[in-house]
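Each chain is listed here by its residues.
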Amino acid sequence: MSAFDDVAEFVAIPRVTELRLSPDGRRLVASVAGLSRNGKKYVSALWQIDPTGDAPARRLTFSSAGESSPRFLPDGSLVFLSKRREQEDGEEPSDKDRAGLWTLPAVGGEARRLAARAGGFARVDVAAEVATVVLTTPTLPGTSSAEEDETLRKEREERDVHAILHDSSPVRYWDADLGPAQLRLVAADASGATSGNDVPLELRDLTPHPGRALDEQHFAVAADGSFVVTGWAEVEEPGLPRAHLLLVDLGSGEQRTLARETGVGFSEPSISPDGRTVVCIRAVDGDYDNPPQHGVWLVDVATGAGRALAADADLWPTRPLFSADGRAVFFTSDQHGRHPIFRVDLETNALSRVASDGHFSELCVARDGSALFALYDRVDRPPVPVRLDPDAVDQKPRLLHAPGHVEVPGRLEEVSAPAADGTTIRAWLALPDTAAPDAPAPLLLWIHGGPLSSFNGWSWRWNPWLMTAKGYAVLLPDPALSTGYGRHMLQRGWGQWGGAPYDDLMTVTDAVVARPDIDPARTAAMGGSYGGYMANWVAGHTDRFRCIVTHASLWSLESFVGATDLPAYWVREWGTPDRDPSRYEKWSPDRFADAIVTPMLVIHGDKDYRVPIGEGLSLWWALQRRGVESKFLYFPDENHWILKPGSAKVWYDTVHAWLATHVLGRDWERPPLV
């Protein structure tokens with residue numbers, strides 16, 4: 001028995017999510033999510049990780065509310081965000097509790113709260129050389145102080161007002177309403193507070209009238225605490241905010257635009273150690289004919305002049321940051337079913353791959369240049385902190401001790417097949433240990449979401465190893481529209497979602513079912529989000545699968561585009577249905593409802609703003625009206641993702657029961673909790 005044989009055991013596995021390195025390089029701190037005391041949700045605690053890999057990990061915080069966003073001040077003090085109360089009373093935190101800023105001294109001891117706001121705090125960052133702290137805090141519009149914000153919040157609560165007045169689109173994002181509060185940047189000097197002074201931090205408002213400009217934006221603080229650079233989103237065309245880079249002087253409050261272009265967004269800024277340059281991601285919008293382009297962009301702080309780094313690499317970069325000496329930039333990118341770390345030299349533009357086999361995130365650079373730290377995972381390994389040599393090429397990372405290590409029940413292979421146009425379609429194949437020519441395994445085709453995405457790392461939400469533990473082989477392909485294979489792969493599927501992506505999926509499925517250790521007569525298909533769209537498309541175009549599972553799926557492109565959280569993003573690729581109906585007519589799964597004969601399990605969360613619940617309801621009604629064998633697993637309190645531990649158990653138990661009935665030929669057994 002393993003943690004994958006029982007979903008209740010699986011959801012209890014600790015999950016490492018964040019990583020930060022102390023100024024002296026002697027301490028790593030990670031956020032580790034685990035089950036709350038009542039088992040109803042996940043709560044993060046801070047753990048200390050030994051950067052040398054010798055000592056075991058040690059838990060630092062224990063509150064019932066949890067802690068996140070750890071950052072080190074220059075003296076080694078740790079600051080973090082937490083909804084914990086000043087006096088732990090043993091009760092579970094309330095939904096009304098808001099995150100405050102807390103500190104834990106470098107020498108240990110009790111945590112103290114440094115700052116609180118009625119709306120709480122969303123993000124925090126600190127300067128490397130001085131005790132300057134910058135935060136984002138949700139604040140109601142029209143208020144000029146923390147006291148006014150708190151008074152207006154109380155009045156809304158007393159009058160039971162939940163209405164939001166919007167001036168522009170969008171009004172929602174993924175699973176959250178945008179407003180009425182607006183994120184503001186605030187800053188403070190924390191040097192006195194970390195020495196034991198109980199006086200709360202004096203927070204200075206840097207952006208008193210932000211509108212929706214700071215929604216979903218990242219920011220960075222200069223090492224000397226003199227300025228902050230942030231993404232600043234403005235609406236250039238209806239419903240489509242694009243971020244430019246804004247520099248805010250922390251002394252005078254003066255603001256100036258650092259990088260801005262029409263049809264281009266700038267995000268994820270990082271400031272060089274000497275404060276002279278900023279590196280970020282530059283994203284060029286897609287349009288009706290062309291997919292978007294992402295690149296690494298270097299900006300001169302004094303002049304605003306910018307240039308591309310590694311422009312010819314044809315990658316999909318993310319989260320750039322400077323080397324310790326400021327002469328190079330590290331970043332990660334999808335690449336051929338992995339997510340490696342790259343290093344680009346600023347003078348020569350030479351590009352090297354620091355580490356290749358796996359998925360890397362949360363990069364941390366030691367200030368003396370001796371090491372690079374990251375979280376490392378693979379399709380068959382959950383995230384773990386690792387140590388790397390910043391100057392090496394394609395190295396194997398050194399694993400550090402941390403919670404959450406598990407062994408998967410099966411083995412992972414890489415497979416590929418040629419598409420009709422000669423493109424190589426690659427995939428991961430997770431196999432149970434029992435799969436063999438004399439005992440071929442049933443096959444599940446899992447289709448990833450996005451669609452600009454890739455199967456290249458560990459997934460807690462859609463985990464194939466819970467299926468291999470039941471004896472299934474799981475195929476995880478990267479068809480057209482997948483990232484990590486260059487612009488050509490995106491172009492093959494752009495504007496024709498059910499075309500090349502569908503052909504690619506069938507091609508690689510054909511190759512895998514031809515293996516002697518796979519049973520070609522027992523197959524099923526599954527997908528979520530875009531993968532759910534494709535599951536619906538598959539249902540209308542083939543009867544080769546015994547059953548289908550479709551989660552948070554698009555059914556009618558025309559109804560979806562007007563109700564999703566970001567309509568303007570999708571109409572750039574598809575056009576608008578009233579003016580450019582051709583792609584809606586050709587590629588919408590609902591146009592092929594009459595062809596569906598395969599049993600379908602429909603799953604949807606009511607709080608899903610990316611793919612609204614109407615898509616799941618419409619699909620369900622179309623299946624019921626046509627007499628297609630189907631079931632509808634509905635989550636009134638979940639969103640695009642199924643996040644609560646109890647909900648995850650129900651999700652997997654229901655999917656297991658559905659597959660057992662149709663793929664394995666067993667009698668239907670209703671999961672006990674639903």
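Note that the structure is a prediction, hence the values are computed from the model and not measured.

Conventions and cut-offs
Per chain, the residues get numbers from 1 upward, laid out in the order the sequence is written. It should be noted that, the model being predicted, local features are given only for residues of pLDDT at least 70 and side-chain atom pairs only at 80 or more, the latter also being counted only at that level, while totals for whole chains, interfaces and linings use all residues. Working from all heavy atoms in the structure, the side-chain values ignore hydrogens and water. The numbering of helices and of strands both runs from the N terminus, where a helix is a DSSP run of H or I of at least 4 residues and a strand a run of E of at least 2. Based on C-alpha atoms, the radius of gyration is set beside the globule rule, defined as 2.2 Å times the residue count to the power 0.38. Three labels apply to residues, based on accessible area from a 1.4 Å probe with only protein chains included: buried if under 20% of the type maximum, exposed if over 50%, partly exposed otherwise in between. By definition in these notes, contact holds between two residues if any of their heavy atoms fall within 4.5 Å. Using a 1.4 Å probe, the Shrake-Rupley method yields the accessible areas, and only the shown protein chains count as cover for residues. Positive charges come from Lys and Arg, negative ones from Asp and Glu, while His and the chain ends are left out of the count. For the purpose of locating charges, the reference atoms are NZ of Lys, CZ of Arg, CG of Asp and CD of Glu. Helix span is expected to be 1.5 Å times the residue number reduced by one. To obtain an axis, a line is fitted to C-alpha atoms, over the contacting stretch when the element is a helix, and the angle between two such axes runs from 0 to 180 degrees between their N-to-C directions. Geometric relationships in this document are graded by angle, where less than 35 degrees denotes roughly parallel, more than 145 denotes roughly antiparallel, 65 to 115 denotes roughly perpendicular, and other angles denote oblique. Three categories are distinguished: nonpolar for Ala, Val, Leu, Ile, Met, Phe, Trp, Tyr, Cys and Pro, charged for Asp, Glu, Lys and Arg, and polar for the others, with Gly belonging to the last. The criterion for strand pairing is that DSSP finds at least two bridges linking the strands in question. Centres within 6.5 Å make a pair out of two Phe, Tyr or Trp rings, where for Trp the six-membered ring is used; the pair is then stacked when the planes are under 30 degrees apart, edge-to-face when over 60, and tilted otherwise. Working rule: Lys NZ or Arg CZ, within 6 Å of ring centre, within 35 degrees of ring normal, means a charge sits over the ring. Throughout, nonpolar core names a set of buried Ala, Val, Leu, Ile, Met, Phe, Trp, Tyr and Cys residues whose side chains join them through atoms within 4.5 Å.

**Looking at the overall build of the chain**
Part 1: Within the chain one finds eleven helices and 38 strands.
Part 2: Taken over the C-alpha trace, the chain has a radius of gyration of 25 Å; the compact-globule value for 674 residues is 26 Å, and the two agree within 12%.
Part 3: A principal-axis box enclosing the C-alpha atoms of the chain has dimensions of 70 × 55 × 55 Å.
Part 4: Burial status across the chain gives 56% buried among its 674 residues.
Part 5: Here the contacts in the chain between residues at least 6 apart in sequence split such that 57% fall between residues at least 24 apart.
Part 6: Put simply, the chain shows about 27800 Å² of open surface, and 48% of that area lies on carbon and sulfur atoms.
Part 7: In the chain, which carries 68 positive and 93 negative side-chain charges, the distance between the mean positions of the two groups comes to 2 Å.

**Quick word on helix H10 (residues 613-625)**
Note on helix geometry: an α-helix contains 3.6 residues per turn, so any two residues three or four positions apart are oriented the same way.
Part 1: For H10, spanning 13 residues, the distance from its first C-alpha to its last is 18 Å, which sits close to the expected 18 Å at 1.5 Å a residue.
Part 2: Within H10 the residues assigned to the buried category are Ile-613, Glu-615, Gly-616, Leu-619, Ala-622 and Leu-623.
Part 3: Buried residues along H10 sit against helix H6 (530-539), strand S36 (547-551), helix H7 (557-563), strand S37 (600-605) and strand S38 (630-635).
Part 4: Phi for Gly-627, located one or two positions after H10, is positive at around 75°.

**Digging into unusual backbone geometry**
Peptide bonds are, in most cases, trans, and in most cases residues other than glycine have a negative phi.
Part 1: At the junction of Ser-169 and Pro-170, the peptide bond is cis and its omega measures out at 5° in the coordinates.
Part 2: The topology assignment puts Pro-170 in the loop between helix H2 (146-158) and strand S11 (172-173).
Part 3: Residues Gly-450 and Pro-451 are joined by a peptide bond in cis, for which omega reads 0°.
Part 4: By secondary structure assignment, the location of Pro-451 is in the loop between strand S33 (441-447) and helix H3 (465-468).
Part 5: Of note in this structure, Arg-319 is not a glycine but carries a positive phi near 50°.
Part 6: Take Arg-319: it is sitting in strand S23 (residues 317-322).
Part 7: Arg-319 gets classed as partly exposed once you look at its relative accessible area, which sits at 42%.

**Concerning the packing of helix H5 (residues 500-513) against H6**
Part 1: Two elements in contact, H5 and H6, have axes whose closest approach is 11 Å; the angle formed by their N-to-C orientations is 75°. Judged by the inter-axis angle, H5 sits roughly perpendicular to H6. Each of Pro-501, Tyr-502, Leu-505 and Met-506 in H5 lies in contact with H6, whose residues at this interface are Tyr-530, Met-534, Trp-537 and Val-538.
Part 2: Residues of the contact of H5 with H6, tallied by class, amount to eight nonpolar, no polar and no charged.

**Points about the pairing of strand S3 (residues 42-49)**
Part 1: S3 sits mainly inside the fold: six of its eight residues count as buried.
Part 2: As judged from the eight bridges shared by strand S2 (residues 28-35) and S3, these two strands associate in the antiparallel manner. From the neighbouring strand, Leu-28 faces S3, where its bridge partner is Ile-49.
Part 3: If you look at the hairpin formed by S2 and S3, you'll find six residues sitting between the two strands, and Gly-39 has a positive phi there, around 75°.
Part 4: Relative to strand S4 (residues 58-59), S3 runs antiparallel, the two sharing two bridges. When the bridges of S4 are listed, Trp-47 appears paired with Arg-59.

**A word on the environment of Arg-184**
Part 1: Take Arg-184: it is sitting in strand S13 (residues 182-189).
Part 2: A C-alpha to C-alpha distance of 28 Å links Arg-184 and Trp-641, two positions 457 residues apart in sequence.

**Notes on the pairing of strand S34 (residues 473-477)**
Part 1: Across the five residues that make up S34, a large majority, five, are buried.
Part 2: By the alternation rule, side chains of S34 split into Ala-473, Leu-475 and Pro-477 and Val-474 and Leu-476, which are all buried.
Part 3: Of the pairings in the sheet, the one linking strand S32 (residues 424-431) to S34 comprises four bridges and is antiparallel in character. Each bridged residue has a counterpart across the sheet, and for Leu-429 the counterpart in S34 is Leu-475.
Part 4: Pairing between S33 and S34: three bridges, direction parallel. Each bridged residue has a counterpart across the sheet, and for Leu-443 the counterpart in S34 is Ala-473.

**Looking at the packing of aromatic side chains**
Part 1: By the definition in use, this model includes 28 aromatic pairs.
Part 2: Measuring from ring centre to ring centre gives 5.7 Å for Phe-10 and Trp-460, while their planes differ by 45°; the resulting arrangement is tilted. Taken together, the residues span a long stretch of sequence, with Phe-10 in helix H1 (residues 7-10) and Trp-460 in the loop between S33 and H3 at a distance of 450 residues. Like Trp-460, Phe-10 is buried.
Part 3: In textbook terms, an aromatic cluster arises when at least three aromatic residues are bridged by ring pairs, as seen for Trp-497, Tyr-530, Tyr-533, Trp-537, Phe-560, Tyr-569, Trp-570, Trp-574, Tyr-584, Trp-587 and Phe-592.
Part 4: Directly above the ring of Trp-297 sits Arg-282, whose terminal nitrogen or CZ lies 4.8 Å from the centroid.
Part 5: The lysine or arginine in question, Arg-610, covers the ring of Trp-174, its NZ or CZ lying 3.6 Å from the ring centre.

**Topic: the sheet that holds S38**
Part 1: Within the open sheet, the eight strands sit side by side as S31-S32-S34-S33-S35-S36-S37-S38. Their pairing is mixed. Edge positions in the sheet fall to strand S31 (411-418) and S38, since each of these pairs with one other strand and no more. Strand-to-strand twist across the sheet, computed as the mean angle between neighbouring axes with direction ignored, equals 20°.
Part 2: Across the sheet, H5 touches S31, S32, S33, S34 and strand S35 (518-528), and the angle it forms with S33 is around 160°.
Part 3: On the sheet, helix H11 (residues 645-662) packs against S33, S35, S36, S37 and S38 and is oriented at approximately 175° with respect to S38.

**Side note on the nonpolar core**
The tendency in soluble globular proteins is for nonpolar side chains to be buried as a group.
Part 1: Residues Leu-475, Tyr-533, Met-534 and Trp-574 are the most contacted members of the largest nonpolar core, which totals 56 residues.
Part 2: With seven residues, H6 is the single largest residue contributor to this core.
Part 3: Ignoring any residue separated from it by four or fewer positions in sequence, one finds Leu-475 in contact with Val-415, Ala-427, Trp-428, Leu-429, Leu-443, Leu-444, Leu-445, Trp-446, Val-508, Thr-509 and Val-512.
Part 4: Core analysis: the next-biggest nonpolar cluster, separate from the first, contains 40 residues, Phe-4, Trp-460, Leu-601 and Ala-648 among them.

Any functional reading would require information that these geometric values do not contain.
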